[in-house]
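Each chain is listed here by its residues.
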Amino acid sequence: MTENFLSFNHVSYILPNGEKLLSGITFHIGFGEKAALIGANGSGKTTLFRLAERVLFPNSGSINCNETPAFLPQHFNPNQTVKDALGVARILDALERVENGDGSAELFDVIGQRWDIRSETQKALADFNLSHIDLNASFANLSGGEREKILLLRIFLSSSNILMFDEPTNNLDEAARNAFYDYISSTPKTVLIISHDRTLLEKMTCLYELADGKIKKYGGNYDFYRQAKANEKERLEDQKSRLESQTAKLSGGQRAIEESTGKKNRAAEKRIENKKYTKMQANSMKSAAQESKAKKIKKIEEKLSASQEELNAVKLSLRNDQIKIPTPEKPFLKDKVLELSDVSFRFGDRTLFSGLDLILKGGERLLIKGANGTGKTTLLRLILGQTPPTAGQVFLYGKAAYLSQNLEMPIEDGTILDNILKMAPEVSVNEAYAAAANFLFRNKDALKTVSTLSGGERLKAALAAVLGTKNQPDLLILDEPTNNLDIRSTEILETALKAYRGALILVSHDQVFTENIGGFHTLKLS
């Protein structure tokens, strides 16, 4: 029997505003398991992590962990050395003192069994392409990408046997993602990860889905989970058909009782007329019929109410957010949409790229790849005219639109409708409402304030402004759009981009996402 390494027992957590985020959840992770926590943004995944880390405490229930998990602290001192940031400074310093002849017992206690810590650290740095970094260098002087990798390695190099990661691959380039996948696959330690990275989820041994304050275990990887969800949907479809039939029968039964009681009343009236019943007898007969009717109808109404409630719950579970991209009122450009001629860009003494020539035609799809720091986002800024090239020329034809990874909107304190009108000024108010409805913001939902939207809602609002009207851009540019999206939102974006017929430029390290859209030419920067 697998030993439970981390256990949540009937845990509930209530937010400061009184909303119950987690409701009596129970789950257990065994030693050596590779578990992933999935769910919509805002479902409570990070809160669950904070509870496991004892940063937060449950309102009820208990959490048991065999040892302190390794995780990234919320507050981190930037004014430290790289080896401090990696969490190995104390062991490395103790090892150096022992090698220099200090035989103090406390040094041996610090080192424990980790006599290979130096080579272990160097291998970890090499695997993430960080061999050039001096362990005594200032952590603050590293680039953002380097700091992020160092903090991930801090968890891998920890002495703890349970490792916890919150969206670890979001900002990693392709090489770093592959190194991370290899570490996860090879470590014998227990791993718990929050992630929407479907390549990473395929490497898990089990998935826990958090929804509506409850948690459900799926005992396999992401492919297993998808098949299980498909089976669930099929079962719910059958249940929906059964409940609709049952509801219709109950409604019919209610009408039959009404009609039967009416017939009995009319029969009693007729017998009075024919002097077969006295008025007292007829009234007694009517009263008994009404009493019998009331009892029968009450029973049917109770069954009908329960059946309708169950049917509504099943329909909610089967809800499928189907977005709609309208047919453009004018054809997209078929000839050149973008042309780069001998384009170069230097940043200080560093040349990001030089002599770059590119022609993108209408309807073509271009995937820009490259390690972090090779100039992918800079190239997008050049294309959009936000930054001039050091040399060469950029020609952009037709209408272009850009969605950043943070999905910034032009009027953050405005409504969805305001932003659609701002980003597509040629449309009328009614057309803007129609664009919002195409992305599931119907009627008054179009008046939601952008700053209050969830990640998934913000994505749909941005897509509504860009693709929801009939005046769509000839070129759509996206920079790491899936970084902050949950799985369902990523699937909605995939659907939108597959339906879009204009030219597309995408920067993404999400392999499953790019494969699902398909049809890309690739430009690799190095």
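Note: the structure precedes this text.
No experiment lies behind these values; they were computed from the predicted model shown. (Residues numbered from 1 in each chain as written. Predicted model: local features only at pLDDT ≥ 70, side-chain atom pairs only at ≥ 80, totals over all residues. Heavy atoms only, no water.)

**Observations concerning the packing of aromatic side chains**
Next up, step 1: Within this structure, the stated rule accounts for 13 aromatic pairs.
Next up, step 2: Ring geometry for F5 and F31: centres 5.2 Å apart, planes at 65 degrees, overall edge-to-face. Highlighted residues: F5 in strand β1 (residues 4-14) and F31 in the loop between β2 (20-30) and β3 (34-38), separated in sequence by 26 residues.
Next up, step 3: Aromatic pair F8 and F27: ring centres 4.8 Å apart, planes at 20 degrees, arrangement stacked. (Phe/Tyr/Trp six-rings, centres within 6.5 Å; stacked < 30°, edge-to-face > 60°. Helix = DSSP H or I, 4+ residues; strand = E, 2+ residues; numbered from the N terminus.)

**A short note on the nonpolar core**
Next up, step 1: Ranked by internal contacts, the top residues of the largest apolar core, which has 51 residues, are L86, I150, F165, F180 and I184.
Next up, step 2: Residues within four places of I150 in sequence aside, it is in contact with V82, A85, L86, L125, L130, F139 and L142.
Next up, step 3: Within the second largest apolar cluster, 42 residues are counted, among which are L407, I492, L493 and A496. (Core = buried A, V, L, I, M, F, W, Y, C linked by side-chain atoms within 4.5 Å. Buried < 20%, exposed > 50% of the residue type's maximum accessible area, 1.4 Å probe, protein only. Contact = heavy atoms within 4.5 Å.)

**With respect to the sheet that holds strand β11 (residues 365-369)**
Next up, step 1: With parallel pairing, the five strands of this open sheet are ordered in space as β13-β14-β15-β11-β16. Edge positions in the open sheet fall to β13 (400-403) and β16 (520-524), since each of these has one partner strand only. This sheet shows a mean twist of 15 degrees between the axes of neighbouring strands, independent of strand direction.
Next up, step 2: In this sheet, β16 lies alongside β11 in parallel orientation, the contact comprising five bridges. (Pairing = 2+ DSSP bridges. Axes fitted to C-alpha atoms, helices over the stretch in contact; angles between N-to-C directions.)

**Some remarks on the environment of G213**
Next up, step 1: Note on placement: G213 falls in the loop between β7 (206-211) and β8 (214-218).
Next up, step 2: Sequence separation between G213 and G44 is 169 residues; the distance between their C-alpha atoms is 7.6 Å.
Next up, step 3: For G213, the contacting residues outside a window of four places in its chain are L21, L22, S23 and I25.

**A word on helix α12 (residues 416-423)**
Next up, step 1: Burial in α12 covers these residues: I416, L417, N419 and I420. Buried residues of α12, seen end-on, are gathered within an arc of 165 degrees and therefore sit on one face of the element.
Next up, step 2: Buried-residue contacts for α12 involve α13 (429-438) and α14 (455-467). (Arc of directions from axis to C-beta.)

**What to know about the sheet that holds strand β9 (residues 336-347)**
Next up, step 1: One open sheet holds the three strands; their spatial order is β10-β9-β12, and the pairing between them is antiparallel. What marks the edges here is a single partner per strand, and that holds for β10 (350-361) and β12 (391-396). Averaged over all adjacent pairs, the angle separating strand axes in this sheet is 15 degrees, with direction ignored.
Next up, step 2: Relative to β12, β9 runs antiparallel, the two sharing five bridges. Of the residues in β12, the one forming a bridge with L338 is L396.
Next up, step 3: Sitting on the sheet, helix α11 (residues 376-383) touches β9, β10 and β12, and the angle it makes with β9 is about 125 degrees.

**Side note on the packing of α12 against α13**
Next up, step 1: Put simply, α12 and α13 touch, their axes get as near as 9 Å, and they point 115 degrees apart. Relative to α13, the element α12 is oriented roughly perpendicular. Crossing angle aside, the handedness with which α12 passes α13 is right-handed. Between α12 and α13, the residues in contact are L417, I420 and L421 and V429, A432, Y433, A435 and A436, respectively.
Next up, step 2: Of the residues that constitute the contact of α12 with α13, the class distribution is eight nonpolar, no polar and no charged. (Parallel < 35°, antiparallel > 145°, perpendicular 65-115°, else oblique. Left-handed = near helix turned anticlockwise from the far one by under 90°. Nonpolar A, V, L, I, M, F, W, Y, C, P; charged D, E, K, R; others polar.)

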